Amino acid sequence: MKDLNDIDPVALLRETVSRRFEEARAMPPAVYTSEAFLAAELEQVFAKEWLCLGRASALAEPGDYAAWEIAGQPVAVVRDRDGTLNALSNVCLHRMSTLLHGRGRTRAIVCPYHAWTYNLDGTLRGAPAMTKNEAFDRKDYCLPRLRCEEWLGWVFVSLNPDAPPVAERLAEAEGLVADFAMETYVETFFESHVWDTNWKVLAENFMESYHLPVCHAGTIGGLSKLDEMVCPPGLAAFNYHTILKDDSLKIAIAHPSNTRLEGDRRRTTFLLAIYPSLLITLTPGYFWYLTLHPQGPGQVRIGFGGGMSPDFVGDPDAQAHFAAMKALLDEVNLEDRGCTEKVFHGLSSRLARPGHLSHLERPNYDFARYLASRVAG
């Protein structure tokens, strides 16, 4: 039997996506395990696309910041004193230490190595013990700026100066969920995790709900019926599928005060996969999301956040609703971690072979085509 790991993964992916969906197979193992393929993803996908750092509402006050890494480049988004969100290189211009870490609030950006201090717009405020260097002028120093845009309450950053505007790229997604008013949803938690799986395994796990009755048998598996899931063909910048929920989980359906949503829209859940790595579950009552970045072929760095629609935030039982939602999502996450780490372990084996896709895995097929268009050309 020919070892698929001996074949160029780009060629394997190109061959995989050449099939029509009715004959589609999963992506080959080397697409997940190859260091060379990961390097191509970092250069052709993560360094060129828009990456989401989270919700703008989490960066509401001057000095609020979120630090992340994109294709090896540390970045930080900081709310300036005039209310502007600045995306900056998160590397000191002196001896090149990283500056901010995680999320928080600061009055100034202070290097933890030699205390060079930057204003919230990236300009250098001060540098200790530099007066004897005749060539030094602090006005020459400003942290490089990156492109930063907001879309429906999400904060996006790109290393690519030529990337089309986010609103233009995601206009069809905005139209799809306009009546949900996603921009008004309030983030109530954010966590960072690292799982031992490939980033695409976790992305694909989100993109299909075929696994819900089995992987999530102990939590949400019984809340969704496979025959009610709708998986349309994906679009250039995203794919999606929908699920109809019943009222056994009250916060998954529209609040009685919600007059925007009508009919089945009041119990529709959208699962939006914004390429390459923003994954949003949007219900009429709450939302949660993952933002992903590879940390080697076998690990993924995860930003995990979520919150409530304004209708439920303003409800007298808001805290009870939040506690119930967070407890449920934590259990779901544990189940997903177990499933996706098992998948990566299996696809890393010598005899792993990709099987045919179900009609409920249409988003996975479209995701593979997106990757091929970026990495394979």
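**Q** How should the state of the cysteines be read in this particular structure?
**A** Covalently bonding the sulfur atom of one cysteine to the sulfur atom of another cysteine gives a disulfide. Tallied over the full model, the rule gives one disulfide. There is a disulfide in this structure between C215 and C339, and the S-S distance comes to 2.2 Å. The chirality of the disulfide connecting C215 with C339 is right-handed, given an S-S dihedral of about 125°. With a gap of 124 residues between them, C215 in helix α7 (residues 212–215) and C339 in helix α9 (residues 318–347) connect regions that are remote in the sequence. This cysteine, C111, is not joined by any disulfide, and C92 carries the nearest cysteine sulfur, 3.9 Å off. For C111, a relative accessible area of 4% corresponds to the buried category.

**Q** What's the story with the sheet that holds strand β7 (residues 117–118) in this structure? I'm lost.
**A** In any sheet, the strands associate via hydrogen bonds between backbone groups, in a parallel or an antiparallel arrangement. Judged by pairing direction, the sheet is antiparallel, and its three strands sit side by side in the order β6-β7-β8 without closing on themselves. Each end of this open sheet is capped by a strand with a single partner; those strands are β6 (109–110) and β8 (124–126). Pairing analysis gives two bridges linking β6 to β7, with the strands arranged antiparallel. Paired with V110 across the bridge in β7 is T117.

**Q** Sorry if this is basic, but what is going on with the pattern of salt bridges here?
**A** Charged atoms that come close allow side chains of opposite charge to pair. Tallying each qualifying case throughout the model produces 16 salt bridges. Of the charged contacts, one joins R169 and E49 as a salt bridge, the two residues approaching to 3.4 Å between their closest N and O atoms. Placement of R169 in helix α4 (residues 166–169) and of E49 in the loop between α3 (35–46) and β1 (51–55) is noted, with a sequence separation of 120 residues between them. Grouping residues by exposure puts R169 and E49 together as buried. One connected set of salt bridges, linked through shared partners, spans R20, E22 and E23.

**Q** Please clarify how the pairing of strand β2 (residues 64–70) should be interpreted in this entry.
**A** Each regular strand carries side chains that alternate between the two faces of the sheet. Extensive coverage of β2 is indicated by the burial of six of its seven residues. For β2 and strand β5 (residues 103–105), the ladder comprises three bridges, and the chain directions are antiparallel. Bridge pairing in β5 links Y65 to G104. Where β2 meets strand β3 (residues 73–79), six bridges bridge the pair, whose relative direction is antiparallel.

**Q** Hey, could you run me through the nonpolar core in this one?
**A** Looking at soluble globular proteins, one finds that nonpolar side chains tend to be buried together. Membership of the largest hydrophobic core comes to 67 residues, with the highest contact counts inside it found for L13 and F367. Leave out the neighbours within four places in its chain, and L13 touches M27, P28, V31, F37, A368, L371 and A372. With 27 residues, the next largest nonpolar core counts F156, V177, Y240 and I280 among its residues.

**Q** It is not clear to me how unusual backbone geometry should be interpreted in this structure. Could you clarify?
**A** With the exception of glycine, the majority of residues adopt a negative phi angle, and the majority of peptide bonds are in the trans configuration. Residue P276 is reached from Y275 by a cis peptide bond, and omega for that bond is 5°. Despite not being glycine, M96 has its phi angle at roughly 70°, a positive value. Along the chain, M96 falls in the loop between β4 (85–89) and β5. Look at M96 and you get exposed, because its relative accessible area is 62%.

**Q** I would appreciate a short explanation of the packing of aromatic side chains in the present structure.
**A** Within the structure shown, the criterion is met by 20 aromatic pairs. Measuring from centroid to centroid gives 5.9 Å for Y185 and F287, while their planes differ by 75°, and the two rings are edge-to-face. One end of the pair, Y185, is in the loop between α5 (171–176) and β11 (186–195); the other, F287, is in strand β15 (residues 286–294), and 102 residues separate them in sequence. Residue Y185 is classed as buried on the basis of its relative accessible area of 1%. Ring geometry for W288 versus F304: centroids 6.2 Å apart, planes at 80°, classification edge-to-face. One end of the pair, W288, is in strand β15; the other, F304, is in strand β16 (residues 300–308), and 16 residues separate them in sequence. Neither W288 nor F304 differs from the other in exposure class; each is buried. The structure contains a cluster of three or more aromatic residues connected by ring pairs, namely F46, W199, Y275, F367 and Y370. Lying across the ring of W154, R55 places its NZ or CZ 4.5 Å from the centre.

Conventions we followed
Residues numbered from 1 in each chain as written. Predicted model: local features only at pLDDT ≥ 70, side-chain atom pairs only at ≥ 80, totals over all residues. Heavy atoms only, no water. Disulfide = S-S within 2.5 Å. Helix = DSSP H or I, 4+ residues; strand = E, 2+ residues; numbered from the N terminus. Buried < 20%, exposed > 50% of the residue type's maximum accessible area, 1.4 Å probe, protein only. Pairing = 2+ DSSP bridges. Salt bridge = Lys/Arg side-chain N within 4 Å of Asp/Glu carboxyl O. Core = buried A, V, L, I, M, F, W, Y, C linked by side-chain atoms within 4.5 Å. Contact = heavy atoms within 4.5 Å. Phe/Tyr/Trp six-rings, centres within 6.5 Å; stacked < 30°, edge-to-face > 60°. Lys NZ or Arg CZ within 6 Å of the ring centre and 35° of its normal.

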